[in-house]
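Analysis of the macromolecular model
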Amino acid sequence: MNCKTCQNALPDLLLNPAVAEDSAVWGHIASCPACAQELATLQATLSLLDLWKAPEISPYFDQKLAVRLREAQDEPAAGWFERLKTRLQLNTGRRFRPALAGAMSLLLLVGGGSYGVVSFQHPQQVVQPSAAVKDLQLLDKNEQALQQMDQMLQEDAPAADADTPLPQS
Ligand SMILES: [Zn+2]
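All of these numbers come straight from a predicted model, not from anything done at the bench.

Right, let's talk about the overall build of the chain for a bit. Within the chain, the secondary structure is distributed over eight helices and zero strands. Its helices and strands taken in sequence order, the chain reads α-α-α-α-α-α-α-α from the N to the C terminus. The buried share of the chain, taken over its 169 residues, is 6%. Nonlocal contacts in the chain, meaning residues at least 24 apart in sequence, comprise 59% of its contacts between residues at least 6 apart.

As structure tokens, then:
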């Protein structure tokens, strides 16, 4: 056992009970100050992580959601562009995904990043939402943008063996 193999085994020593009894690793740590120090650092990091708590959900989440739902119900029927957009966003079939990926890449190129994605979400604002739900909508936009990125990334993998040529850049 040298320092390299010992330090590679340290995370398992702390996280994997099956390895925690490994006497070769413990023997090296007992005789090597450098590896003992490494183990102490790792333990300190892990106990710091144990202190971390997931943030609480906002107490107003339910109310905001209810307001948002009422607003959505009161909105006038969506026009053809909104319906097409929704269909592109929600469609999980293979038929539209290459087109969506292409459109999103174009928007990313034209808009220079997230600006293109976000402006695509609300090209025409029919109803001005109340201030209370604007942050919710902002979260939604981020979520949708991330989902679209996911779809693009998922599309990239099978595209390598399909007849769709990869974009050259
Ligand atoms: Zn060592």
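Additional details are given in the paragraphs that follow.
Let's shift gears to the packing of helix α1 (residues 3-15) against helix α3 (residues 33-51). Between α1 and α3, the shortest axis-to-axis distance is 10 Å and the interhelical angle comes to 25 degrees. By the criterion of interaxial angle, the relationship of α1 to α3 is roughly parallel. Between α1 and α3 lies a crossing of right-handed hand. Listed contacts from α3 to Cys3, Cys6, Gln7, Leu10, Pro11 and Leu14 of α1 are Ala34, Cys35, Glu38, Leu39, Leu42, Gln43 and Leu46.

For the chain, per-residue confidence averages 74 on the pLDDT scale, and residues scoring 70 or more make up 65% of the total. The weakest mean pLDDT in the chain belongs to helix α7 (residues 114-121) at 49; the strongest belongs to α3 at 91.

Let us look at the nonpolar core. Ranked by size, the top nonpolar core spans six residues in total: Cys6, Ala9, Val25, Ile29, Cys35 and Leu39. Elements that contribute at least two residues to this core include exactly α1, α2 (23-31) and α3.

Two elements in contact, α1 and α2, have axes whose closest approach is 10 Å; the angle formed by their N-to-C orientations is 115 degrees. The two elements α1 and α2 cross, and the hand of that crossing is left-handed. Between α1 and α2, the contacting residues are Cys6, Ala9 and Leu13 on the first element and Val25, His28 and Ile29 on the second. Its residues assigned to classes, the contact of α1 with α2 comprises five nonpolar, one polar and no charged.

Helix length check: α1, at 13 residues, gives a terminal C-alpha distance of 19 Å against a target of 18 Å (1.5 Å per residue), a fit within 8%. Taking the largest bend as the criterion, α1 deviates by roughly 35 degrees, centred on Ala9, and proline Pro11 comes between one and four positions later.

Reading the values: the criteria
Residues numbered from 1 in each chain as written. Predicted model: local features only at pLDDT ≥ 70, side-chain atom pairs only at ≥ 80, totals over all residues. Helix = DSSP H or I, 4+ residues; strand = E, 2+ residues; numbered from the N terminus. Buried ≥ 20, exposed ≤ 12 C-beta atoms within 10 Å, placed from the backbone. Contact = placed C-beta atoms within 7 Å. Axes fitted to C-alpha atoms, helices over the stretch in contact; angles between N-to-C directions. Parallel < 35°, antiparallel > 145°, perpendicular 65-115°, else oblique. Left-handed = near helix turned anticlockwise from the far one by under 90°. pLDDT = per-residue confidence, 0-100. Core = buried A, V, L, I, M, F, W, Y, C linked by C-beta atoms within 7 Å. Nonpolar A, V, L, I, M, F, W, Y, C, P; charged D, E, K, R; others polar. Expected span 1.5 Å × (residues − 1). Bend = angle between axes of the 7 residues up to and from the residue.

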